[in-house]
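# Chain and residue survey
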Amino acid sequence: MDGKYGIVICGLNGCGKSALARILARELGYLRMDVEDYYFRDSDIP
């Protein structure tokens, strides 16, 4: 089967999505993209 494949990880804040994505990307050789890197502006507000 030809085409592009990916995995989407969804969940609540603080549930470990980023950690899981980092591990899966490393193990599977996938590119990791985090929506927060693209959607939210940088700010100093915690």
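Heads up: these notes are all about the structure in this document. (Residues numbered from 1 in each chain as written. Predicted model: local features only at pLDDT ≥ 70, side-chain atom pairs only at ≥ 80, totals over all residues. Heavy atoms only, no water.)

### A short note on the pattern of salt bridges
Within this structure, the stated rule accounts for 2 salt bridges. The closest approach of N and O atoms between Glu27 and Arg26, which form a salt bridge, is 3.9 Å. Residues Glu27 and Arg26 agree in their burial class; the two are exposed. Of the charged contacts, one joins Arg32 and Asp34 as a salt bridge, the two residues approaching to 4.0 Å between their closest N and O atoms. In this structure Asp34 comes out as buried when scored by relative accessible area, which is 17%. (Salt bridge = Lys/Arg side-chain N within 4 Å of Asp/Glu carboxyl O. Buried < 20%, exposed > 50% of the residue type's maximum accessible area, 1.4 Å probe, protein only.)

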